[in-house]
Amino acid sequence: MNTNDTTPGAAKPPLNAVVFGGTSAIAQSILHAAARERSVRALLLGRNEQRLQSVKNDLTARGLNASFQCADPADAAIAWEPLLRAAMPGKIDLFLVAHGELPEQEPLLNDPAAMARTLQVNFISAAVIATACARMLEQQGGGSLAVIGSVAADRGRASNFVYGSSKAGLETLLEGMRHRLARNPAIHVTTIKPGLTDTPMTAGIPKGPLFSSAEKVGAISWKAIKNGKPVAYAPAWWWVILTIVRLLPRKIFYRTKM
Amino acid sequence: MRVDEFQSWGRVQAVRSPCADWSWLDQAAPLPAQDKRLAYGLGRSYGDSCLLSGGVMIRTRGLNKLIQFDRETGVLRAEAGVSLSEILEVAVPAGWFLPTSPGTRFITLAGAIANDIHGKNHHAAGAIGCHVRRFCVLRSDGTRWECGPAQNERLFAATIGGLGLTGVILWAEIQLARVPSAWLNVELIPFTGVNEFMALSADSSQKWEHTVAWFDAAAQGKNFARGIYIRGNFTAGSPAGQNPRKVHAPPRLGVPITMPNCTLNMWSVRAFNALYFHRVPRSGRKLIQHYEPFFYPLDALNGWSRIYGRRGFFQYQSVTPESAGAQPLVEMAREISASGEASFLAVLKTFGPRVSPGMLSFPKPGITLALDFPNRGRSTLALFNRLDAIVRAAGGRLYPAKDSRMSGEDFRRGYPGLNDFLPQVDRAFCSDFWKRVAPEF
């Protein structure tokens, strides 16, 4: 009916995307950014049915073709390949691994089970999923895998090293995977490294000038994914900050509070 | 509960309060009964109506999901914290626009309803309350009330313009307005004197959907009460090469730091106002403008209120009834011009007859004048007292969304709907504004 309808990129084939952690604010923003350029078919995976439904409704209202399935990304017993093949037949253009948790660190240090859970959610399960997705990319002969890491991975800091190390492990795995897949120019693995982002995950942290909106981080991430960029700090200036943090001599670093 | 600092747009006072962050509707759970509370969205209210000291601030900005958008009928349902900006992002490409819009798109949907906001099309469309189909209110006892014009009507009417005192709006459904494109035919016409403004208003109200006037409240002598009348209609004729349904871009410029208190003084404001006035030739100017600069010129400068410095600024917005005519405006303009208090942004607008269901709705048929003043302490407040006397004598009232100092007496006199409103108030909800104007309640 309308010549200038809601899907400006309708001419391009739709982007088929699978999102692990479908309620992640950054993942949603990445989908919003993608949908501004082309039509998007998204499958959301997560644990909370009510919240997945609300994200699905939101994406549908924005003109995306969204569906969801309750499957906890942290659940080591799930066989992801058959699940995805059944839920989204055909080529999957983008695997987005966005689940994670950011607990307060101090209690974790005295609660081995909680600490193990954080490592399980942020590193082990994400690594297993990323590996399964990479295998599917190889079978398809192309596509993108984008995984949300963190600037916290760049150096262990007193305030946040459990979360940081879980993301560091994940980022090392991704770098190795890029190395392994480098022969295939049609496959892209992108590590997205957000800094402080205003999302439900950081609701408990007072907001300062270093915070970016999820929409902004999502737009930067989508651009990186589209261009097959290996590592993207979001926003890019976090690279400068983290380079300084990384290069600080220990003598000085240990005197800082961060 | 975590304690955080909250400010309103005028930045005159900051409040440190414990806060609850709601990002999902399932988090909208009752708080401890003894706690007073108030929902807080994007903090664009100017004064203290969006602040509560000594109680819990419920941040609703995280409730930012659309629930349903029917592109055929223009009915949109969304969670409380969705911003007007986000609504425009989906509405404009589908050929829809907000039924009415204030001068910023960075307010939440629930905030728009709780203040019953109005816009440049008030003379034709009324306030936003005229376009609300339904919403859901969460009361402090945990009950949820779906309200509409024919369902829980009293709570519906109390919540529209109810300043968050009847509960928390969880989601709302509004009727959008069809537009032929995202572009407007705009005319800018210089005027001098309140009478010329009145004549332009009378001449424009039938044929122009959006009208407003910028007004130089600092000018004296022969330039007294000069301004620029702005009127626009959405048009099918977008400029060549432009997307007819172009969506606004994010702000590119920002005010990263709070400027010195003296940045806006009488001289800088006079200079700015003179430049602004002479930008438009005496014969006027016609142009095709995108909705963004037409409706939201200040949104292009992120955090512009920091220009007013650490002490912040006040806004003073009144409406005086039609029957009082131009006289109160002339008197107010005289007071301001003589006071030496610099008003940088002054806006005049004629309100129309369409009545909103809101019991405490601000607009009524007449003329509204909105003024910004840097906070210079006692002298600024003294000017407001003199303006109050003029508004009072004319049978007018002030806009709570902009206010941080009106007296309880003026509030009660200005809002006869208060008697119907009080029984609908949820007493667990409160704001610093409410403590001031209704301390006995």
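Residues numbered from 1 in each chain as written. Chains lettered and ligands numbered in written order. Predicted model: local features only at pLDDT ≥ 70, side-chain atom pairs only at ≥ 80, totals over all residues.

> Mind showing me how you'd approach the nonpolar core here?
Most often, soluble globular proteins keep nonpolar side chains buried together rather than apart. Counting residues in each nonpolar core, the largest one holds 130 residues, and the members touching the most others are I87(B), A91(B), L109(B), I113(B), F135(B), I169(B) and A172(B). Sequence-distant contacts of A91(B), defined by excluding residues within four places in its chain, comprise L76(B), W96(B), F97(B) and L176(B). (Core = buried A, V, L, I, M, F, W, Y, C linked by C-beta atoms within 7 Å. Buried ≥ 20, exposed ≤ 12 C-beta atoms within 10 Å, placed from the backbone. Contact = placed C-beta atoms within 7 Å.)

> I would appreciate a short explanation of the confidence of the model for chain B in the present structure.
Low-pLDDT portions of the prediction should not be read for the details of their coordinates. Per-chain confidence: chain B averages 93 in pLDDT, with 100% of residues scoring 70 or above. For this predicted complex, the interface score ipTM comes out at 0.91, while the overall pTM is 0.93. (pLDDT = per-residue confidence, 0-100.)

> Looking at this model, I keep getting lost on unusual backbone geometry. Mind explaining?
Generally, phi is negative for residues other than glycine and the peptide bonds are trans, each holding for most cases. A cis amide bond, omega -10°, links A234(A) with the succeeding residue P235(A). Tracing the chain through its elements places P235(A) in the loop between β9 (231-234) and α8 (238-247). For D116(B), which is not glycine, the phi dihedral falls at a positive 40°. In this structure D116(B) comes out as buried when scored by C-beta crowding, with 28 C-beta atoms within 10 Å. (Helix = DSSP H or I, 4+ residues; strand = E, 2+ residues; numbered from the N terminus.)

> What is the right way to read the sheet that holds β9(A) from this model?
Residues and elements named next belong to chain A. Strand order across the open sheet formed by seven strands is β3-β2-β1-β4-β5-β6-β9, with parallel pairing between neighbours. With one partner strand each, in any of the chains shown, β3 (65-70) and β9 form the two edges of the open sheet. Along the sheet, successive strands turn relative to each other by an average axial angle of 20°, direction set aside. Pairing between strand β6 (residues 187-194) and β9: four bridges, direction parallel. In the strand pairing of β9, K193 is matched with Y233. Contacts between helix α6 (residues 161-181) and the sheet are confined to β5 (143-148) and β6, with β6 contributing the most and set at about 160° to the helix. (Pairing = 2+ DSSP bridges. Axes fitted to C-alpha atoms, helices over the stretch in contact; angles between N-to-C directions.)

> I would appreciate a short explanation of the pairing of strand β1 (residues 3-7) of chain B in the present structure.
The side chains of a regular strand alternate, first on one face of the sheet and then on the other. Residue and element names in this part refer to chain B. Judged from the five bridges that link them, β1 and strand β2 (residues 14-21) form a sheet pairing that is antiparallel. Within β2, the residue paired with Q7 across the bridge is A14. Where β1 folds back on β2, the antiparallel hairpin that results is connected by six residues, among which R11 adopts a positive phi of roughly 60°.

> In this structure, what is going on with the packing of helix α1 (residues 25-35) of chain A against helix α7 (residues 214-226) of chain A? I would like to understand it.
Describing two packed helices takes the angle between their axes plus the distance from one axis to the other. All names here are of chain A. Running from amino to carboxyl end, α1 crosses α7 at an angle of 60°, the nearest separation of the two axes being 7 Å. Overall, the two elements α1 and α7 adopt an arrangement that is oblique. In this structure, α1 meets α7 at a crossing whose hand is right-handed. Side by side, α1 and α7 meet where A25, I26, S29, I30, H32, A33 and A34 of the first sit next to A214, E215, V217, G218, A219, S221 and W222 of the second. Class assignment for the residues of the contact of α1 with α7 results in nine nonpolar, four polar and one charged. (Parallel < 35°, antiparallel > 145°, perpendicular 65-115°, else oblique. Left-handed = near helix turned anticlockwise from the far one by under 90°. Nonpolar A, V, L, I, M, F, W, Y, C, P; charged D, E, K, R; others polar.)

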